[in-house]
Amino acid sequence: MRKIVHLAAKRGFCSGVVRALDAVERALKEGPLPVYVLHEIVHNEHVVAHLTARGVRFVNEPEEAEGGTLIFSAHGVSRAIEERAAALGVRLIDATCPIVKALHRKAEAFAAEGRKIILFGKKGHREIEGVVGRVDSDVAVIESKEALAAYLASLPEEEKRNGLFACLSQTTLNADDVAEMRGILASSLNRLAVDAEVCFATRDRQNAVRLLAEQCEFVIIVGSPGSSNSRRLCETASAAGARAILLSDPEKFDPSLLDGVSSVGVSSGASAPEELVRELLGVLKRHGFEEVPDER
Ligand code: SF4
């Protein structure tokens, strides 16, 4: 039996992650040291461990930075955090992804128009906390279609007819789910401004994984459980009919998962380093899997 591996055409680090990691490298070179990063620079334990070993300190509050340089991660921060950090007198580098920054601006503009914001995303996710913390009014964070139905059921009919609403989305959700929730909202609220989209990197990676899942029995997504976009890739592959797993450490891959499998698809989340993908390909090669070139 010929055993093959297909590699997703779009995978791994997105432009926002590359930019954030470049900011850390620049800070390590230029100083002042130490370099602090507020929260994980990206949701990947290998990246965080590697930077920690090089002296980068990850902190939960801006005030933990004592001198040196403080970097905001790619996920962005609230206005309050920005203000607290500015008062510290440390060098500040804002590595928020420009797409997340644009999301902040949209939330601010909708709030200024007096619209109630409905934000699709995971409560407690750093990106969501940052967006919610950009506006003074309440933001309804909606995690699922079920939560959306409950939210709509709680609104008085008069408000559905005449209330001003806007919907936005976390950048790393499942693109199909976002489209579906957008449609439900648009058919339920009369005066809704719609700007809920996942980012291009999330969409491209999900599309590529869907293609992989159509041609492979088993799909492995390299990425951390804490990474929203990596988890979505795994769900996308499962929904497209493949058996799929999320793998944070190729060294811990269980080869018995390959029993009876002749085609494996490999992709990686936007925060997963390519070295981990290469490591996994090495493991698969040792088990007789040959990488086939991507012809799409
Ligand atoms: S996943 Fe999208 S929004 Fe998030 S950092 Fe990457 S490019 Fe930016």
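Residues numbered from 1 in each chain as written. Predicted model: local features only at pLDDT ≥ 70, side-chain atom pairs only at ≥ 80, totals over all residues. Heavy atoms only, no water.

**Q** Got a minute to help me understand the pattern of salt bridges in this structure?
**A** Any two side chains of opposite charge can pair, given that their charged atoms come close. Applying the stated criterion to the full structure yields 26 salt bridges. Between E82 and K101 there is a salt bridge, with its nearest N and O atoms 4.0 Å apart. With E82 in helix α3 (residues 79–86) and K101 in helix α4 (residues 98–112), the pair connects residues that are 19 residues apart, well separated along the chain. For E82, a relative accessible area of 24% gives the class partly exposed. Beyond isolated ion pairs, a larger network of salt bridges with shared partners links E82, D94, K101, E108 and R134. (Salt bridge = Lys/Arg side-chain N within 4 Å of Asp/Glu carboxyl O. Helix = DSSP H or I, 4+ residues; strand = E, 2+ residues; numbered from the N terminus. Buried < 20%, exposed > 50% of the residue type's maximum accessible area, 1.4 Å probe, protein only.)

**Q** Looking at this structure, I do not really get the state of the cysteines. What am I missing?
**A** Defined simply, a disulfide is a covalent bond joining two cysteines at their sulfur atoms. Overall, the coordinates contain zero disulfides when judged by the stated rule. No disulfide involves C234; its nearest neighbouring cysteine sulfur is the one of C216, lying 14 Å away. By relative accessible area, which is 12% here, C234 ends up buried. (Disulfide = S-S within 2.5 Å.)

**Q** It is not clear to me how the packing of helix α9 (residues 200–215) against helix α10 (residues 228–239) should be interpreted in this structure. Could you clarify?
**A** Each pair of packed helices can be summarised by the angle the axes make with each other and by the distance between the axes. One can describe the packing of α9 onto α10 by two numbers: an axis separation of 8 Å at closest approach and a directional angle of 35 degrees. Between α9 and α10 the crossing geometry is right-handed. Each of R205, Q206, V209, R210 and A213 in α9 lies in contact with α10, whose residues at this interface are R232, L233, T236 and A237. When grouped by side-chain class, the residues that make up the contact of α9 with α10 number four nonpolar, two polar and three charged. (Axes fitted to C-alpha atoms, helices over the stretch in contact; angles between N-to-C directions. Left-handed = near helix turned anticlockwise from the far one by under 90°. Contact = heavy atoms within 4.5 Å. Nonpolar A, V, L, I, M, F, W, Y, C, P; charged D, E, K, R; others polar.)

**Q** Would you mind going over the nonpolar core with me for this structure?
**A** Inside soluble globular proteins, nonpolar side chains tend to come together where they are buried. Residues V24, I41, L51, V56 and I71 are the most contacted members of the largest nonpolar core, which totals 22 residues. Counting residues per element, the ones that place at least two in this core are α1 (15–30), β2 (35–38) and α2 (45–53). Broken down by element, this core gets its largest block of residues, seven residues, from α1. In contact with I71, not counting residues within four places along its chain, are A23, V24, A27, V35, Y36, V37, L38, I41, I93 and A95. (Core = buried A, V, L, I, M, F, W, Y, C linked by side-chain atoms within 4.5 Å.)

**Q** Which parts of the structure should I look at to understand the domain arrangement of the protein chain?
**A** A common way to state how big an interface is: give the accessible area lost once the parts meet. Taken as a whole, the protein chain is organised into domain 1 (4–12 + 203–291), domain 2 (15–97) and domain 3 (99–194). A C-alpha centroid distance of 32 Å is found between domain 1 and domain 3. In total, about 550 Å² of surface goes out of reach between domain 1 and domain 3, with carbon and sulfur atoms giving 43% of it. Contact with domain 3 buries area across many residues of domain 1, yet Q206, S228 and R232 alone supply 54% of it, more than any other trio. Counting every contact that joins domain 1 to domain 3 gives one salt bridge. R210 is the partner of D176 in a salt bridge, and the nearest nitrogen-oxygen pair spans 3.4 Å. (Domains from an automatic or database assignment. Buried area = accessible area lost by both parts, 1.4 Å probe.)

**Q** For this particular structure, what's the right way to read the sheet that holds strand β8 (residues 164–169)?
**A** As a general point, the strands of a sheet are linked pairwise by backbone hydrogen bonds and lie either parallel or antiparallel. Strands sit in the order β7-β6-β8-β9 across an open sheet of four strands; the sheet is parallel. Two strands lie at the open edges of the sheet, namely β7 (139–142) and β9 (191–194), each paired on one side alone. Recorded for the sheet is a direction-independent mean angle of 25 degrees between the axes of neighbouring strands. Note that strand β6 (residues 116–120) and β7 share four bridges and pair parallel. Directly across from L119, in β7, lies its bridge partner V141. Strands β6, β7 and β8 of the sheet are contacted by helix α6 (residues 145–154), whose axis makes an angle of about 145 degrees with β7. (Pairing = 2+ DSSP bridges.)

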